[in-house]
Amino acid sequence: MSREHQAGYEKSDLFVFDKALPIGQSFPFDFGFLPSTVGDDGDPLDVLILAEQPTFTGCLIIAKLLGVIEAEQIENQERKRNDRFVAVPLEVKTEKIVAGSPHRLDPGIIENIAKFFVAYNQLQGRQFRVLRATGPGRGLTLIEEGTKKALRSKRK
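Since the model is a prediction, treat every value here as computed from it, not as a measurement.

Take the side chain of S101 next. Inspection of the secondary structure puts S101 in the loop between strand 5 (84-89) and helix 2 (107-123). By relative accessible area, S101 is classed as buried at 7%. For S101, the residues in contact, after removing those within four places along its chain, are L50, A51, V88 and P89.

Moving on, we get to the environment of R138. With respect to the helices and strands, R138 occurs in helix 3 (residues 136-155). A relative accessible area of 30% places R138 in the partly exposed class. Sequence separation of R138 and V68 is 70 residues, and the distance between their C-alpha atoms is 7.6 Å. Discounting chain neighbours no more than four positions away, the residues touching R138 are E70, R81 and R132.

Following the criterion strictly, the structure yields four aromatic pairs and no others. For the ring pair F116 and Y120, a centre distance of 5.9 Å and an interplane angle of 10° mean the geometry is stacked. Here Y120 and F116 lie together in helix 2, a separation of four residues that amounts to about one turn. For the pair formed by F116 and Y120, the shared burial category is buried. Measuring from ring centre to ring centre gives 5.7 Å for F117 and F128, while their planes differ by 35°; the resulting arrangement is tilted. Here F117, found in helix 2, pairs with F128, found in strand 6 (residues 127-134); they are eleven residues apart in sequence, far enough to count as distant. The two residues F117 and F128 agree in class, both being buried. Ring pairs connect the aromatic residues F31, F116, F117, Y120 and F128, which therefore count as one cluster. Across the ring face of F117, the terminal group of R84 is positioned such that the distance to the ring centre comes to 4.2 Å.

Counting residues in each nonpolar core, the largest one holds 16 residues, and the members touching the most others are L50, V86, L105, I113 and F117. Contributions of two or more residues to this core are made by strand 3 (63-75), strand 5 and helix 2. Among the elements that take part in this core, helix 2 stands out by supplying five residues, more than any other. In contact with L50, other than residues within four places in its own chain, are F29, L66, V86, A87, V88, P89, S101, P102, L105, I109 and I113. Counting residues in hydrophobic clusters, the runner-up holds ten residues, among them L34, L45, V68 and L142.

What follows deals with helix 3. Here helix 3 contains 20 residues, and its C-alpha end-to-end distance of 29 Å stays within 8% of the 28 Å for a straight helix at 1.5 Å per residue. Among the residues of helix 3, G139, L142, I143, G146 and A150 are the ones counted as buried. When helix 3 is viewed along its axis, its buried side chains cluster within an angular range of 105° and face the same direction. With respect to the buried face of helix 3, the exposed residues turned more than 90 degrees away are K148 and R155. Close packing links the buried residues of helix 3 with strand 3, strand 4 (78-81) and strand 5.

One can find T57 in the loop between strand 2 (46-49) and strand 3. As for T57 and D30, which are separated by 27 residues in sequence, their C-alpha atoms are 9.2 Å apart.

Reading guide: rules and limits
Residues numbered from 1 in each chain as written. Predicted model: local features only at pLDDT ≥ 70, side-chain atom pairs only at ≥ 80, totals over all residues. Heavy atoms only, no water. Helix = DSSP H or I, 4+ residues; strand = E, 2+ residues; numbered from the N terminus. Buried < 20%, exposed > 50% of the residue type's maximum accessible area, 1.4 Å probe, protein only. Contact = heavy atoms within 4.5 Å. Phe/Tyr/Trp six-rings, centres within 6.5 Å; stacked < 30°, edge-to-face > 60°. Lys NZ or Arg CZ within 6 Å of the ring centre and 35° of its normal. Core = buried A, V, L, I, M, F, W, Y, C linked by side-chain atoms within 4.5 Å. Expected span 1.5 Å × (residues − 1). Arc of directions from axis to C-beta.

Below, the structure is given as structure tokens:
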């Protein structure tokens with residue numbers, strides 16, 4: 001897709017179909033983005049919502065950040081940070097974690113998410129390398145950086 005077309009779609013405030021996952025593969029949990037942020041790859045920061053029930057495309061989820069899998073993606077020998085933030089949904093009225101959702105990041109969940117993204121990227125001809133898994137404090141710092149980057153890009 002040309003940059004001109006991509007810019008036009010971004011201004012539409014609509015979701016644009018990018019590509020289908022290979023047969024037999026699906027994203028773990030709900031996979032989305034953090035609005036008003038930009039990561040090193042030029043896209044909004046990615047977030048996984050750990051919930052028992054899937055939602056739908058375009059659903060705004062109020063969530064509590066549990067942590068972040070800090071990672072880099074390597075394509076054509078170019079390295080870019082492409083972290084995966086991990087959160088759980090909150091009930092809007094009470095701001096309590098939705099029943100059945102974890103209250104902290106279990107190392108087993110982190111390991112499985114990392115394995116998925118390694119395999120997913122490999123099928124796309126890229127490498128995905130986990131740098132570290134960190135807690136919500138570090139995650140909030142990275143989100144603040146992504147918000148500042150988004151503000152700078154809007155001013156241009």
